[in-house]
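Report on the structure
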Amino acid sequence: MMPLLEVSGLTMKFGSLAANKDVSFDVGEGQIVGLIGPNGSGKTTLFNCVSGMYKPAAGRVVFAGTDVTGMAMFKIARMGLARTFQVVRPLNDMTVMENVLVGAYLHHPSETRAREEAERCIELCYLGEWRDRPAAAMTIGNKKRLEVARVLATSPKMILLDEAAAGLTSTEANEMVSLIVGLRNNGMTILMVEHIMEAIMPISDKMVVLSGGVKIAEGPPGDISRNEEVITAYLGEKFSKRLIESEKLRGERQ
Ligand SMILES: Nc1ncnc2c1ncn2[C@@H]1O[C@H](COP(=O)(O)OP(=O)(O)O)[C@@H](O)[C@H]1O
Ligand SMILES: [Mg+2]
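Residues numbered from 1 in each chain as written. Chains lettered and ligands numbered in written order. Predicted model: local features only at pLDDT ≥ 70, side-chain atom pairs only at ≥ 80, totals over all residues.

On to helix α6 (residues 170–185), then. With 16 residues, α6 extends 22 Å from end C-alpha to end C-alpha; this agrees with the ideal 22 Å at 1.5 Å per step. Listed in full, the buried residues belonging to α6 are M176, V177, I180 and L183. Looking straight down α6, one finds that the buried residues subtend no more than 125 degrees of arc, so they occupy a single side. For α6, the exposed residues set more than 90 degrees away from the buried face come down to S170, T171, S178, G182 and N185. Buried residues belonging to α6 abut β3 (32–36), α5 (140–152), β8 (189–193) and α7 (197–200). Just past α6, the residue G187 takes up positive phi, approximately 100 degrees. (Helix = DSSP H or I, 4+ residues; strand = E, 2+ residues; numbered from the N terminus. Expected span 1.5 Å × (residues − 1). Buried ≥ 20, exposed ≤ 12 C-beta atoms within 10 Å, placed from the backbone. Arc of directions from axis to C-beta. Contact = placed C-beta atoms within 7 Å.)

A word on unusual backbone geometry. You will see that A64, though not glycine, has its phi angle at about 50 degrees, which is positive. The phi dihedral of Y126 falls on the positive side, at around 55 degrees, and the residue is not glycine. Note that Y126 resides in the loop between α4 (111–124) and α5.

Now for the site of ligand 1. Taken together, the residues surrounding ligand 1 are F14, L17, A19, G37, N39, G40, S41, G42, K43, T44 and T45. Counting only elements with at least two residues in the shell around ligand 1, the list comes to β2 (17–28) and α1 (43–50). For the shell around ligand 1, the element with the most residues is α1, which contributes 3 residues. In terms of residue class, the shell around ligand 1 is made up of 3 nonpolar, 7 polar and 1 charged. (Near = placed C-beta within 6 Å. Nonpolar A, V, L, I, M, F, W, Y, C, P; charged D, E, K, R; others polar.)

Here we take up the sheet that holds strand β6 (residues 81–83). Ordered by their spatial adjacency, 6 strands build an open sheet running β6-β7-β8-β3-β9-β10, and the pairing between neighbours is mixed. Both edges of this open sheet fall to β6 and β10 (214–219), since each of them pairs with a single strand only. Recorded for the sheet is a direction-independent mean angle of 15 degrees between the axes of neighbouring strands. Helix-sheet contacts for helix α9 (residues 228–235) involve β3, β9 (206–211) and β10, and the interaxial angle to β10 is about 125 degrees. (Pairing = 2+ DSSP bridges. Axes fitted to C-alpha atoms, helices over the stretch in contact; angles between N-to-C directions.)

Our focus in this paragraph is α5. Helical periodicity: at 3.6 residues per turn, an α-helix aligns residues three or four positions apart in one direction. If you check α5, its first and last C-alpha atoms are 18 Å apart, about what 13 residues at 1.5 Å a residue would give, namely 18 Å. Every buried residue of α5 is listed here: N142, K143, K144, R145, L146, E147, V148, A149, R150, V151 and L152. Next to the buried residues of α5 lie β6, α3 (96–104), α4, β7 (158–162) and α6.

The next subject is the domain arrangement of the protein. In terms of domains, the protein is made up of domain 1 (1–80 + 158–254) and domain 2 (83–155). Relative placement of domain 1 and domain 2: their C-alpha centres are 24 Å apart. Among the elements of the structure, α1, α2 (73–79), β7 and α6 are those that each provide at least two residues to the side of domain 1 that touches domain 2. (Domains from an automatic or database assignment.)

So this is what it looks like as structure tokens:
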């Protein structure tokens, strides 16, 4: 499989704190890769380096064969790599349509085409009934899907999702998961940070685990949920057993 995103030796420092230390991994075209780790382990910082918000102290980010290290965020987005934010930032005094149009104008300068594209993304994210209503009045579940719709409207090849299911009810989290799987089934490549293991593990082709800014493990979800170092740093014994049990149950049902 062709890697679409290649991160190698990535290091990012805040003063003397290295929030990312020599992190390397690939994301293959059409894959869902889950990035996990304890709070403060450097996941959002990694997204910020990859998406061009921060310039890393060392290392390289290659997207679709082009070295984009330190490139401006809007240029990287224009190349097809876009991200959502952990804390949702919809423009509250705008309607859902206006919010999504902001993304659509990146590739579609004509208003007609931009509107068509925005419409498509709104439907895809189950926001049709909210189209002309103010984003401010929506639930967090709808706001999180609006974030995804805004990013999709930029016509990305790959999206970075930072805790897209955090703070959602289990119904909303399930909707988010099926939305993400639907995107992947239509060819999207996805790198996602998520704390809800039951949401991320079943849909990820591969997991990358950070702890203290360092990559401590990488592999298929079934291996990661059994990995001693990951259990110690993040998952915990009980939770690991529960995950393994649920995998067995899933296996039996299939
Ligand atoms: N802008 C910043 N300035 C200084 N320190 C930061 C900044 N952003 C993150 N950090 C620190 O870097 C470390 C990693 O943070 P972060 O990437 O947000 O972790 P995560 O997303 O995994 O919770 C933490 O110790 C955090 O306090
Ligand atoms: Mg974070």
